[in-house]
2 protein chains.
Amino acid sequence: MDFVVTPWEVEGLVDYEKLIKEFGTKPLTPELIEKTKELTKSELPLFLRRKFFFSHRDYDLVLKDYEEGRGFFLYTGRGPSGPMHIGHIIPFYMTRWFQEKFGVNLYIQITDDEKFIIKPEMGLNDTRRWAYENILDIAAVGFDPDRTFIFQNSEYTKIYEMAIPVSKKVTFSTARAVFGFTESSKIGIIFFPAIQAAPTFFEKKRCLIPAAIDQDPYWRIQRDIAESLGYYKTAAIHGKFFPPLTGLTGKMSASMPETAIYLTDEPEIVRRKIWKFALTGGQATVEEQREKGGNPDKCVVFKWLEMFFEPDDEKLVQRYEDCRAGRLLCGECKNYLIEKVQAFLREHQERRKQAEPLVKKVKYTGKLAREMWERSIPEELKEGS
Amino acid sequence: MDFVVTPWEVEGLVDYEKLIKEFGTKPLTPELIEKTKELTKSELPLFLRRKFFFSHRDYDLVLKDYEEGRGFFLYTGRGPSGPMHIGHIIPFYMTRWFQEKFGVNLYIQITDDEKFIIKPEMGLNDTRRWAYENILDIAAVGFDPDRTFIFQNSEYTKIYEMAIPVSKKVTFSTARAVFGFTESSKIGIIFFPAIQAAPTFFEKKRCLIPAAIDQDPYWRIQRDIAESLGYYKTAAIHGKFFPPLTGLTGKMSASMPETAIYLTDEPEIVRRKIWKFALTGGQATVEEQREKGGNPDKCVVFKWLEMFFEPDDEKLVQRYEDCRAGRLLCGECKNYLIEKVQAFLREHQERRKQAEPLVKKVKYTGKLAREMWERSIPEELKEGS
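Because the structure is a prediction, the values reported are computed rather than measured.

Cut-offs and rules
- Residues numbered from 1 in each chain as written.
- Chains lettered and ligands numbered in written order.
- Predicted model: local features only at pLDDT ≥ 70, side-chain atom pairs only at ≥ 80, totals over all residues.
- Heavy atoms only, no water.
- Contact = heavy atoms within 4.5 Å.
- Buried area = accessible area lost by both parts, 1.4 Å probe.
- Salt bridge = Lys/Arg side-chain N within 4 Å of Asp/Glu carboxyl O.
- Polar contact = N/O pair within 3.5 Å; in protein donor to acceptor, adjacent residues only side chain to side chain.
- Helix = DSSP H or I, 4+ residues; strand = E, 2+ residues; numbered from the N terminus.
- Nonpolar A, V, L, I, M, F, W, Y, C, P; charged D, E, K, R; others polar.
- Domains from an automatic or database assignment.
- Pairing = 2+ DSSP bridges.
- Buried < 20%, exposed > 50% of the residue type's maximum accessible area, 1.4 Å probe, protein only.
- Phe/Tyr/Trp six-rings, centres within 6.5 Å; stacked < 30°, edge-to-face > 60°.
- Lys NZ or Arg CZ within 6 Å of the ring centre and 35° of its normal.
- Least-squares fit on C-alpha atoms with pLDDT ≥ 70 in both.
- Axes fitted to C-alpha atoms, helices over the stretch in contact; angles between N-to-C directions.

**Q** Explanation requested: the interface of chain B and chain A in the structure shown.
**A** It is common to give the size of an interface as the accessible area that goes away when the parts come together. Each partner contributes to the interface: chain B provides 50 residues, whereas chain A provides 49 residues. In this assembly, chain B packs against chain A so that about 4200 Å² is buried in total across both faces, 68% of it on carbon and sulfur atoms. The largest share of the area that chain B buries against chain A comes from Tyr 160, Lys 168 and Ile 187 of chain B, three residues that together contribute 19% of it. Its salt-bridge partner being Arg 128 of chain B, residue Glu 161 of chain A comes within 2.6 Å of it at the nearest N-O pair. Scanning the region where chain B abuts chain A turns up 25 residue pairs in polar contact (both at pLDDT 80 or more). Among the elements that make up the side of chain B that touches chain A, the one with the highest residue count is helix α10 (residues 187-197) of chain B (seven residues). Here the residues of the side of chain B that touches chain A sort into 21 nonpolar, 14 polar and 15 charged.

Written as structure tokens, this is what we have:
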């Protein structure tokens, strides 16, 4: 093993084919991608065209459920322990596409409970503050305000009720096998798998979780017990990791600022970080580059363009060839990426500034949010005094 | 103290002394009982006069807090897995006395989550149905409807928020040491100590838990972590066990109907059970009884009278002496107890029939209940849409 993928660490250059075998998932086939195109009557987005999503569980059944009118719903989440970076937000833009095209409900769990429990230095007030900041970013993505419910576990505590039946099905040894608990694990984190699985039971439809493949083990527990609870095993569509600026291995890390572009970074910071830290596949000198060409397969700048920032397929291929042929210098590519990232952040930050009323809707007053809160308030209190 | 030399104190004395040492609690001294009388400006109730409560943790500090104006609050609970019997309800009548005389808030946790998780054969609907039935019985005791909050964990899920900080302080090995968890324990029950401790943090005052002494270990975890959370270690006042009909050892058990009188038992059932199952200290024949006398120290009938059903001290002492002297036959005592229990149940059942509106108050609309629910509903939803 020259790479390690568990929910808590991603190291080394990832062999995605190997991961599919290891995790026991299925490859996202051209047929399924074609089927998605057909059902959504839409052009395929970049992240499907370019196999950012590469693996799945029961995505075929999700499409079947949709086709036959049973529908499905989306579920994803965020652990609010710090500012969000580009690697965090891109999956939400992808999720938005699914919601838009299929017109389905989306639940977003903000795990301010889990982050508080596992971070010794953090108070619940800290993770709640980050929850507030992160939700602004997530709302800025622009989900359907009447079909989206963003909830913090420590606030939408109805989640506990739904976690109870889950928690009756999972033994300590099962949970430990997946999460690696020890004698000194806190009882809060031992319970957390039940809280995390609970939203997959929000509706009596199939749940689709778009997530990086390292999250897959969490859902194995859900899939083991779902049917005995009278629900569907959750489906998932697995994404690749958005690589850190500093290399194609590992994940962007909020604790290593040089590896990541934060959503709040100023344009000048973006320029400096990409210019200084982005690893490319270039040669040592301009002359060598002109002569031998660069290697885009080893270039983070190219990877970022491929994964998100260059939606134009022709331009991307052209860039690949120009690089290989020595017609492009790394500085040119960096500048191009810098402009793309700056433009993306400008728009994102603009939407974020205006996201307050949207946050209120997706958390409390939108159609879906209101339904979810209604479920948690006893009839006697709805009547008034 | 009128009862220092009475036989029933001497009887249990050695065992309960031992328990105090074993559990590391403190004896409830005559001084503390006297202080209670003084502060409440009331006659002492039977269960203090006769040392039904015999041990405590920090009850002295509770009285001090009360005396100096800081106040305190009461917390107790019930696991709703079946019908309640007399042994279950008597502590609630005692708790009512504390509430009445000190004028304090009382929180009653109904653990429909825990019972569901530990009973393989029960659904959440079953424990909720029992919760409904049990709460009717508890409300019938007649607590102050504006100072009492009865809540079911699966409904008042705000409890989860309060359990989160607790659950960050307790490791698996600590919880296992107290609760005896194993590899196959469900993750829900491993988390439960946090849910159970959470109400001790409902107010920034000292919490007083009236409970049988066997519950004490549960609160050790709370006492270990409370101060690090900025709260008081919970206080407790420990009761003896109300013995089963069939003997002075063990506890009444809902799963052995011959040992217990249920709150819903008809008068005729009460008569038959006591007549048939109650263990006495009588002799084999009437003649022998007249000659040698009975042994009230080994008699469940006498114990029940002593612990709850004969409030008149003089009458009780008289009965003790008459029994020893052979002037009483067991049948006479049984008939006396039968009448007392029937009268108690008649009144209790009458109040239970009318308890519906009271239940609504203590669960939802009374002053304290409303405050507790208000805390769990986000501002945005209180405003209306």
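**Q** Explain the domain arrangement of chain A to me, please; I cannot follow it from the model alone.
**A** Residue and element names in this part refer to chain A. Each assigned domain of chain A is listed here: domain 1 (4-245 + 357-382) and domain 2 (257-354). Computed from C-alpha coordinates alone, the two centres of domain 1 and domain 2 are separated by 29 Å. If you look at the interface, domain 1 gives 23 residues, while domain 2 gives 30 residues. Summed over both sides, the interface of domain 1 with domain 2 buries roughly 2400 Å², with 66% coming from carbon and sulfur. For domain 1, the biggest contributors to the area lost against domain 2 are Arg 50, Ile 86 and Leu 245; these three give 34% of the whole. Remark: the boundary between domain 1 and domain 2 carries four salt bridges.

**Q** Please explain the sheet that holds strand β4 (residues 106-110) of chain B as it appears in this structure.
**A** By way of backbone hydrogen bonds, the strands of a sheet pair with one another, either parallel or antiparallel. All names here are of chain B. Taken in spatial order, the seven strands line up as β1-β2-β7-β6-β3-β4-β5 in an open sheet, and their pairing is mixed. On the outer flanks of this sheet lie β1 (26-27) and β5 (148-152), each paired with one strand and no other. The sheet contact formed by β1 and strand β2 (residues 53-57) spans two bridges and is antiparallel. From the neighbouring strand, Lys 26 faces β2, where its bridge partner is His 56.

**Q** What am I meant to see in the pattern of salt bridges here?
**A** Side-chain pairing between opposite charges can occur once the charged atoms of the two side chains come close. Residues and elements named next belong to chain A. Evaluated as defined, the whole model comprises 54 salt bridges over all chains. Linking Arg 96 and Glu 100 is a salt bridge whose minimum nitrogen-to-oxygen distance equals 3.9 Å. Placement of the pair is Arg 96 and Glu 100 together in helix α5 (residues 86-102), with a separation of four residues, close to one helical turn. Exposure remark for Arg 96: the relative accessible area of 25% places this residue in the partly exposed category. The salt bridge partner of Asp 322 is Arg 327, with a shortest N-O separation of 2.7 Å. On the basis of relative accessible area, Asp 322 is assigned to the buried category, the value being 17%. Look at the salt bridges and you will find they share partners, linking Lys 64, Asp 65, Glu 68, Arg 70 and Arg 206 into a network.

**Q** Before we go on, may I ask you to explain the packing of aromatic side chains in this structure?
**A** Each aromatic ring pair is characterised by the separation of its centres together with the angle its planes make. Using the criterion set out here, one finds 74 aromatic pairs over all chains in the structure. Their ring planes at 20 degrees and their centres at 5.3 Å tell us that Phe 149 of chain A and Phe 151 of chain A sit as a pair that is stacked. Take Phe 149 of chain A and Phe 151 of chain A: they sit in the same class, and that class is buried. Through a chain of ring-to-ring contacts, three or more aromatic side chains come together here, namely Phe 47, Phe 52, Phe 53, Tyr 59, Tyr 66, Phe 72, Trp 97, Phe 98 and Phe 102 of chain A. Over the aromatic face of Trp 275 of chain B sits the side chain of Lys 334 of chain B, whose NZ or CZ is 5.6 Å from the ring centroid.

**Q** What is the right way to look at the side chain of Ser 55 of chain A in this model?
**A** Residues and elements named next belong to chain A. Locating Ser 55 in the fold gives a position in strand β4 (residues 53-57). What makes Ser 55 buried here is its relative accessible area of 0%. Among all residues touching Ser 55, those that are not within four sequence positions of it are Ile 20, Thr 25, Lys 26, Pro 27, Leu 28, Ile 213, Ala 236, Ile 237 and His 238.

**Q** Sorry if this is basic, but what is going on with the relation of the copies chain B and chain A here?
**A** A rotation about some axis, followed by a shift along it, carries one copy of the chain onto the other. Between chain B and chain A, the superposition needs a rotation of 180 degrees and an axial shift of 0.1 Å, giving an RMSD of 0.1 Å. Expressed as a symmetry operation, the mapping of one chain copy onto the other fits a two-fold axis. The overlap is high: 98% of the interface residues of chain B also sit at the interface in chain A, so the same surface is used on both sides.

**Q** Just checking my understanding: could you explain the sheet that holds β4 of chain A for this structure?
**A** Residues and elements named next belong to chain A. An order of β3-β4-β9-β8-β5-β6-β7 is seen for the seven strands of this open sheet, with the pairing classed as mixed. Only two strands of the sheet have a single neighbouring strand rather than two, namely β3 (26-27) and β7 (148-152). In the packing of helix α4 (residues 59-67) onto the sheet, the strands contacted are β4, β5 (72-78), β8 (206-212) and β9 (235-239), and the crossing angle to β8 comes to about 135 degrees. Sheet strands touched by α5: β4, β5, β6 (106-110), β7, β8 and β9. Its angle to β5, the strand with the most contacts, is close to 165 degrees.

**Q** What is the right way to look at the environment of Ile 274 of chain B in this model?
**A** Residues and elements named next belong to chain B. Summarising the element assignment, Ile 274 is placed in helix α12 (residues 267-277). Among the residues examined, Ile 274 registers a relative accessible area of 0% and is labelled buried. In this structure the C-alpha to C-alpha distance between Ile 274 and Ile 261, which are 13 residues apart in sequence, comes to 8.4 Å. Ile 274 has contacts with Leu 245, Ile 261, Lys 334, Leu 337, Ile 338 and Val 341, leaving out every residue within four places of it along the chain.

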